[in-house]
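# Architecture and fold: a report
Here are the chains, one letter per residue:
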Amino acid sequence: MKTARLPLLLSGLSLLAVLWLAACKPSAPAGSTAPAGKAPVAKRVAVIVSTLNNPWFVVLAETARDRAKALGYEATIFDSQNDPAKESQHFDNVISSGYGAVLFNCTDAKGSIANVRRAKAAGIPVFCMDREIEANDAAVSQILSDNYSGCVALGQYFVEQVGETGQYVELLGIVADTNTWNRSKGFHSVVDRFPGLKMVAQQSAEFDRSKALEVLESILQSHPDIGAVFCGNDAMAMGAYQALLAAGKATKVKVFGFDGADDVVRSVAEGKITATVMQFPKTMAKTAAEYADKYLKGGRDFPQRVPVAVELVNRETVAKFGDYGRKN
Amino acid sequence: MPVEPSLPARRTASPRWLAFVLPVLAAVLLLVFPPFRVLPLKPGAAILDPAAAPVAFDAVTFSAVFWAAQLQPAAAVAPEWQPILVDLRRDPVAAAKQHGRQVGLGGPVYFFAQASGRVTAVERGRLLVAIDGEEGATVALRTGPVFGNTVRDGCGLLEVNRAPGLQEFNAISAELNRLVEERVLPVLKAGVVVGAHLTFAGCAEAPEKLGDGPLLTIIPVQAEVKP
């Protein structure tokens, strides 16, 4: 009787042992492909960027990569192509490959939070650049342009240039990106105070040059008398300018952008684009890489959000700017 | 060939103590390394606690409370503009370092101070005021629409990481600007003429270099016209 019970007892103990061993694995969130027990390799840094189809983001990503390399890390750029699914795959890859840190430019302020949390759960710190994620407890730090202030300054210049009456169009960026709304709200905090300025159309062109061209061509069919176009980034400003050029209105309609991209800064100098706002992608990228370095060396005291100043670029100030920043 | 019958394998009886020790050992292991833990969905916040439940940020209420409880008392004890203007006329960069505060990376430098002075000109959207005690020091006091982050960032009482996000932090700016327009500017617009004597407190962005006009433009958060 006693001996007959022993196999049963041992089976039960084996089952408990299996459960116990499973419980000993480091916790990883559901869906993580991080191999258990594989510690992150602190000498590799991933740069995950929303798109490389826009020169501004190329500068952001390459500067982050180069600064990480200069600090002694292997650094690799991953292009999400503005696709949250691709971004998620990149995070899977980064987690399973044991990267030490992620310098991150998100595709979606809300949708990207889960990716950052997965990396955090796997012990990989994430530092956001330029684009905000709407969570305070996921990324280690977020280094972000002060878009609102930039568009307040741009809005004031818009009123000076366009006047206090007239019709204008706004081309929005990606609607899931908080930069889109911070820019739009900063601009409207000024322009909406002048009731004579009428916004006749507001449409997203998703920060994309060719989409901006198409959208504005369509809007011009129904609103041929606009006096200005406010674009949420410089790629859209160039697309809008092309549409106006094709419609023979490039000298009559004032175009305003945001970013400080090299081609637009040149266009401001040539009088084709009325103004833009210089963001400083190199400053943001370098700061993110340096924060990651500090973190990997044991630092833990980082502000959650770090606003980075932006500056108005118009015909009076354009000589001070170039190469995605202030000239030395 | 005869085959020897094989003997049945002898079954070794386990020691009796093993049946007691192994379960106890397993129980101890499970206690020390539990197979699962129950955690709240959001670490650090009990989801059943109403106080911890996420609440939409209300910039209007936040700003009204901040205005009365923090900004107005701080304005009443703010430093004087006069020494700031003396240093500003001498060296704007040094004055910014000594008296100002900078927000973020490379952001503008702001001052927050109080003064009294006499109105020298009434212009569209601003008053020009000669500051008492500093001859030739004229500032502009904004009376037109108020834009931007000068009040929010200039007062030095609000920090970006206290807000849920940048959109909410920007909403505070817009609301504080509205409160300035609603509560302070009417005092300065109602019948103020050249020669009127004012006391005021306000925030201003430090200039990179001085021009020919007023030393800087102040957004008032408190103002009183003296008889």
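Residues numbered from 1 in each chain as written. Chains lettered and ligands numbered in written order. Predicted model: local features only at pLDDT ≥ 70, side-chain atom pairs only at ≥ 80, totals over all residues. Heavy atoms only, no water.

### Section: the overall build of chain A
The helix and strand inventory of chain A stands at ten helices and twelve strands. A total of 328 residues make up chain A; the buried ones form 51% of that total. Across chain A, the fraction of contacts at a sequence separation of at least 24, relative to all contacts at a separation of at least 6, is 74%. A total of about 13600 Å² of accessible surface is found on chain A, and carbon and sulfur atoms cover 53% of it. (Helix = DSSP H or I, 4+ residues; strand = E, 2+ residues; numbered from the N terminus. Buried < 20%, exposed > 50% of the residue type's maximum accessible area, 1.4 Å probe, protein only. Contact = heavy atoms within 4.5 Å. Areas by Shrake-Rupley, 256 points an atom, 1.4 Å probe, with all protein chains shown as cover.)

### Thoughts on the packing of helix H5 (residues 147-162) of chain A against helix H6 (residues 178-191) of chain A
All names here are of chain A. Between H5 and H6, the least distance of the axes is 7 Å, while the angle of their chain directions is 40 degrees. For the pair H5 and H6, the sense of crossing is right-handed. Contact with H5, carried on its side by Asn147, Tyr148, Cys151, Val152, Gly155, Gln156, Phe158 and Val159, involves Asn179, Asn182, Arg183, Lys185, Gly186, Phe187, Ser189, Val190 and Val191 of H6 and no other residues of that element. Looking at the contact of H5 with H6, its residues break down into eight nonpolar, seven polar and two charged. (Axes fitted to C-alpha atoms, helices over the stretch in contact; angles between N-to-C directions. Left-handed = near helix turned anticlockwise from the far one by under 90°. Nonpolar A, V, L, I, M, F, W, Y, C, P; charged D, E, K, R; others polar.)

### Some points on the pattern of salt bridges
Once their charged atoms are close, side chains differing in charge can pair, the charge on each being opposite to the other. Residues and elements named next belong to chain A. Under the definition given, this model contains 25 salt bridges over all chains. The partner of Arg44 in a salt bridge is Glu74, with the nearest N and O atoms 3.9 Å apart. Taken together, the residues Arg44 in strand E1 (residues 44-49) and Glu74 in strand E2 (residues 74-79) connect sequence positions 30 residues apart. Judged by relative accessible area, Arg44 falls into the partly exposed class, the value being 22%. Residue classification places Glu74 among the exposed residues on the basis of a relative accessible area of 54%. (Salt bridge = Lys/Arg side-chain N within 4 Å of Asp/Glu carboxyl O.)

### Some details on helix H6 (residues 166-183) of chain B
The end-to-end C-alpha distance of H6(B), which contains 18 residues, comes to 26 Å, matching closely the 26 Å that a straight helix rising 1.5 Å per residue would cover. If you check which residues of H6(B) are buried, you get Leu166(B), Gln167(B), Phe169(B), Asn170(B), Ile172(B), Ser173(B), Glu175(B), Leu176(B), Asn177(B), Leu179(B), Val180(B) and Glu181(B). (Expected span 1.5 Å × (residues − 1).)

### Some words on the sheet that holds strand E8 (residues 228-231) of chain A
Residue and element names in this part refer to chain A. Pairing is parallel across the open sheet formed by four strands, whose spatial order is E7-E6-E8-E9. Edge strands, defined here as strands with exactly one partner in the open sheet, are strand E7 (197-204) and strand E9 (254-256). Taking the axes of each pair of neighbouring strands and ignoring which way they run, one obtains an average angle of 20 degrees across the sheet. In terms of strand pairing, strand E6 (residues 166-172) meets E8 through four bridges, oriented parallel. Bridge pairing in E8 places Val169 opposite Val229. Contacts from H5 reach E6, E7, E8 and E9, with the element oriented near 175 degrees to E9. Docked against the sheet, H6 engages E6, E7 and E8, running at close to 165 degrees with respect to E6. (Pairing = 2+ DSSP bridges.)

### Considerations on the confidence of the model for chain A
Residues of chain A with pLDDT of at least 70 account for 87%, and the chain-wide mean is 90. Contacts from residues 21-41 of chain A, a stretch scored under 50 in pLDDT, to residues over four places away or in other chains number 32 contacts. (pLDDT = per-residue confidence, 0-100.)

### Looking at the packing of aromatic side chains
All names here are of chain A. Applying the stated criterion to the full structure yields 15 aromatic pairs over all chains. Their ring planes at 70 degrees and their centres at 5.3 Å tell us that Phe158 and Tyr168 sit as a pair that is edge-to-face. You can see Phe158 sitting in helix H5 and its partner Tyr168 sitting in strand E6, a full ten residues away along the chain. Taking 5.8 Å as the distance between ring centres and 75 degrees as the angle between the ring planes, the aromatic pair formed by Tyr168 and Phe187 counts as edge-to-face. Remark: Phe187 occurs in helix H6 and Tyr168 occurs in strand E6; sequence separation between them is 19 residues. Exposure class is identical for Tyr168 and Phe187. Each is buried. (Phe/Tyr/Trp six-rings, centres within 6.5 Å; stacked < 30°, edge-to-face > 60°.)

### Focus: the sheet that holds strand E3 (residues 101-104) of chain A
To summarise the sheet geometry, strands pair through backbone hydrogen bonds and adopt either a parallel or an antiparallel arrangement. Residue and element names in this part refer to chain A. Strand order in the open sheet formed by six strands is E2-E1-E3-E4-E5-E11, with parallel pairing between adjacent strands. The open sheet is flanked by E2 and strand E11 (305-308), the only strands paired with a single partner. Averaged over all pairs of adjacent strands, the angle between their axes in this sheet comes to 15 degrees, without regard to strand direction. Note that E1 and E2 share six bridges and pair parallel.

### Digging into the nonpolar core
All names here are of chain A. Residues Val169, Leu171, Leu216, Val229, Cys231, Leu244 and Ile273 are the most contacted members of the largest nonpolar core, which totals 33 residues. For this core, the element with the most residues is helix H8 (residues 234-246), which contributes seven residues. The residues touching Leu171, leaving out its near neighbours within four places in the chain, are Gln203, Ala212, Val215, Ile219, Val229, Phe230, Cys231, Gly232, Met236 and Ala240. (Core = buried A, V, L, I, M, F, W, Y, C linked by side-chain atoms within 4.5 Å.)

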